[in-house]
Number of protein chains: 2
Amino acid sequence: MTETATAPAAATIADGTTGSKSEQAYQAIKARIVEGTYTPGYRLVLAAIAKDLGFSVVPVREAIRRLEAENLVKFERNVGATVAGIDPTEYLYTMQTLSIVEGAATALSAPLVGEADIARARAVNAEMRECLKHFDPVRFTRLNQDFHSVLFEHCPNPHILDLVHRGWNRLASLRSSTFRFVPGRAHESVDEHEALLKLIETGADADTIEKAARLHRSATLDAYLSQTNPQDNTP
Amino acid sequence: MTETATAPAAATIADGTTGSKSEQAYQAIKARIVEGTYTPGYRLVLAAIAKDLGFSVVPVREAIRRLEAENLVKFERNVGATVAGIDPTEYLYTMQTLSIVEGAATALSAPLVGEADIARARAVNAEMRECLKHFDPVRFTRLNQDFHSVLFEHCPNPHILDLVHRGWNRLASLRSSTFRFVPGRAHESVDEHEALLKLIETGADADTIEKAARLHRSATLDAYLSQTNPQDNTP
DNA sequence: CCAGTATGTTTCGTATACGATTTCGTACCT
DNA sequence: AGGTACGAAATCGTATACGAAACATACTGG
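Computed from a prediction, not measured in an experiment: that's the story for all the values here.

Enquirer: Explain the sheet that holds strand β1 (residues 43-44) of chain A residue by residue, including any values.
Expert: All names here are of chain A. Across the sheet, 3 strands lie side by side as β1-β3-β2; this open sheet has antiparallel pairing. Across the chains shown, the open sheet's two edge strands, defined by having one partner strand only, are β1 and β2 (73-76). With 4 bridges joining them, β2 and strand β3 (residues 80-83) adopt antiparallel strand pairing. Within β3, the position partnered with Lys74 by the bridge is Thr82. Against the sheet, helix α3 (residues 57-69) contacts β1, β2 and β3, and its axis sits at roughly 115° relative to β2.

Enquirer: Which residues make up the packing of helix α4 (residues 88-109) of chain A against helix α7 (residues 158-172) of chain A, and what values do they have?
Expert: Residue and element names in this part refer to chain A. Between α4 and α7, whose axes approach to 9 Å, the crossing angle comes to 145°. Crossing handedness for the pair α4 and α7: left-handed. Contacts between α4 and α7 pair Glu90, Tyr91, Thr94, Met95, Leu98, Val101, Glu102, Ala105 and Leu108 from the former with Ile160, Leu163, Val164, Gly167, Trp168, Arg170 and Leu171 from the latter. Looking at the contact of α4 with α7 residue by residue, the classes come out as 11 nonpolar, 2 polar and 3 charged.

Enquirer: I'd like to hear about the interface of chain B and chain A, residue by residue, with values.
Expert: Residue-level contacts link 34 residues of chain B with 34 residues of chain A. Of the roughly 2900 Å² buried at the junction of chain B and chain A (both faces included), carbon and sulfur atoms supply 51%. The largest share of the area that chain B buries against chain A comes from B:Glu62, B:Arg65 and B:His159, three residues that together contribute 21% of it. Put simply, chain B and chain A have 8 salt bridges between them. Across the chain B-chain A interface, the total number found is 20 residue pairs in polar contact (both at pLDDT 80 or more). Looking at the side of chain B that touches chain A, the elements with two or more residues in it are α3 (57-69), α4 (88-109), α7 (158-172) and α9 (206-227) of chain B. The element best represented in the side of chain B that touches chain A is α4(B), accounting for 9 residues. Split by residue class, the side of chain B that touches chain A holds 13 nonpolar, 8 polar and 13 charged.

Enquirer: Explain the pattern of salt bridges residue by residue, including any values.
Expert: Throughout the structure, instances matching the rule amount to 42 salt bridges over all chains. One salt bridge connects A:Arg185 with A:Glu192, and the closest N-O pair in it is separated by 3.0 Å. Of the charged contacts, one joins B:Arg32 and B:Asp52 as a salt bridge, the two residues approaching to 2.7 Å between their closest N and O atoms. With B:Arg32 in helix α1 (residues 21-35) and B:Asp52 in helix α2 (residues 46-53), this residue pair connects regions lying 20 residues apart in the sequence.

Enquirer: Tell me about the relation of the copies chain B and chain A, and please be specific about residues and values.
Expert: The operation relating chain B to chain A is a screw motion whose rotation component is 180°, with 0.0 Å of axial translation and a residual RMSD of 0.1 Å. Both copies are brought into coincidence by an operation consistent with a two-fold rotation axis.

Enquirer: Give a detailed account of the protein's contact with DNA strand D, specifying residues and quantitative values.
Expert: Of all residues adjacent to DNA strand D, which total 18 residues, the nearest are A:Lys21, A:Phe55, A:Ser56, B:Arg61 and B:Asn78. Considering the 4 Å shell around the protein, atoms of DNA strand D inside it are sugar or phosphate in 83% of instances. B:Asn78 has a polar backbone atom sitting 3.4 Å from a phosphate oxygen of DNA strand D. Elements with a contribution of two residues or more to the surface near DNA strand D: α1 (21-35) and α3 of chain A together with β1 (43-44) of chain B. Grouping the amino acids of the surface near DNA strand D by side-chain chemistry returns 9 nonpolar, 6 polar and 3 charged.

Enquirer: Tell me about the nonpolar core, and name the residues and values.
Expert: Note on soluble globular proteins: their nonpolar side chains tend to be buried together. Grouped together as the largest cluster of nonpolar side chains are 36 residues, with contacts concentrated most on A:Tyr91, A:Val164, B:Tyr91 and B:Val164. Within the residue set of this core, elements represented by two or more residues are α4, α7 and α9 (206-227) of chain A together with α4, α7 and α9 of chain B. The residues touching A:Val164, leaving out its near neighbours within four places in the chain, are A:Leu98, A:Val101, A:Glu102, A:Ala105 and A:Phe152.

Enquirer: Mind laying out the sheet that holds strand β2 (residues 73-76) of chain B, listing which residues take part and the relevant values?
Expert: Read across the open sheet, the 3 strands follow the order β1-β3-β2 (chain B); overall the sheet is antiparallel. Across the chains shown, the open sheet's two edge strands, defined by having one partner strand only, are β1 and β2 of chain B.

Criteria and cut-off values
- Residues numbered from 1 in each chain as written.
- Chains lettered and ligands numbered in written order.
- Predicted model: local features only at pLDDT ≥ 70, side-chain atom pairs only at ≥ 80, totals over all residues.
- Heavy atoms only, no water.
- Pairing = 2+ DSSP bridges.
- Helix = DSSP H or I, 4+ residues; strand = E, 2+ residues; numbered from the N terminus.
- Contact = heavy atoms within 4.5 Å.
- Axes fitted to C-alpha atoms, helices over the stretch in contact; angles between N-to-C directions.
- Left-handed = near helix turned anticlockwise from the far one by under 90°.
- Nonpolar A, V, L, I, M, F, W, Y, C, P; charged D, E, K, R; others polar.
- Buried area = accessible area lost by both parts, 1.4 Å probe.
- Salt bridge = Lys/Arg side-chain N within 4 Å of Asp/Glu carboxyl O.
- Polar contact = N/O pair within 3.5 Å; in protein donor to acceptor, adjacent residues only side chain to side chain.
- Least-squares fit on C-alpha atoms with pLDDT ≥ 70 in both.
- Near = heavy atom within 4 Å.
- Core = buried A, V, L, I, M, F, W, Y, C linked by side-chain atoms within 4.5 Å.
- Buried < 20%, exposed > 50% of the residue type's maximum accessible area, 1.4 Å probe, protein only.

Structure below.
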């Protein structure tokens, strides 16, 4: 569930055959970024990574190029690649984009969400509510992703789904999302989750679901913004 | 206006210094795809392109990797890359995605669209109306892109804007869009353009504009679908 | 003591080379 | 005659190697 496959269909490899080294490198580096081994700003030196993974720099270069296209790393000519940290502005852009594509994905996915899915989502949300007491932002954020994954993962349009995954991946660099900064938002979030589930359960129309999902996300963004209003570094 | 820069900011190069060969290769290949020199299905042989461009295969490989991430080319392991033609299913996915992101971009862009922009858009639309008589789908499609570019290009969120560009680029492979198949749609399209302009002019709220822009696009999609309903090759 | 230049080190960019894999044509067997 | 197996050609994947650019540092002249 926490798995966030972003690779285009052709590159999706499940069995033992791990694919080309280029592909392996891509998976490996992405994993390290998403799981936090490579923190934002970390300098990705080609030779070092190549040696570490055990093959030459060429596959590593290709992998990094792909990660660049996904905006997971920032690449500068003749200088090198660094893990793309998210400054407040980037965070805003990413969240706004995600609110739109995830809203759409959730709406498109809704008719295909079965009772079992609803139950699972509700279970996750219960865990989140439980988690509110001994508040752990990292765990809470992971559950949050699990919850939403259930709702949008059935989206029949793979392009949109891919965009949603990419958005979440970018956010994964900050381990704890907004909730670390705006703990109050966590409570509201859990409640909105339940409301969203009710909408899907009762078969509300697509537009209503889309709006709800979008608002749910942009509310998180707004909470963050009103928290950190003094900052304003436009790029 | 017809320019569709998709490259990430860092790679945007305007002056004579054309940047790395990798970058040059990327630009060159993309240009050939978009302008139709490489038609869908065209087989991109590394060595051939490298020789043609005058440098080795390594930069070409990287370029193709980037194009793959943009879904402009399809890449198959140990087989090679081909220009990603768009089959009906892909067309559907792309148009649906575009309807969503372009709708959002247009809405976000609307408050920043000035009178000059409106005038320009209206001029383009007049040309389109003119073009309806001696109908030329290719020209019409290009004007169509110009028109919409004016409306969404001010979108303050670069991520969303990038997604819109990518969508248009993918569609660029089919030179003439839907209008070749459903000429009747062209008339409606021109009328809807005017309606959209009125909405923006009068400062309609974001939601209204977004819906109008989205519907405008999905109507084109629907026209195409009802035209070619017998086909149904799910991937 | 500071500024500007020279030098050295790190890291990237690209070319070349060779092994691996697929594809296609042809000959052979049934 | 049709299908299968083998082999050659084409093409990709990766390693290695070397030149070029950027960054850090030390040195010299004012």
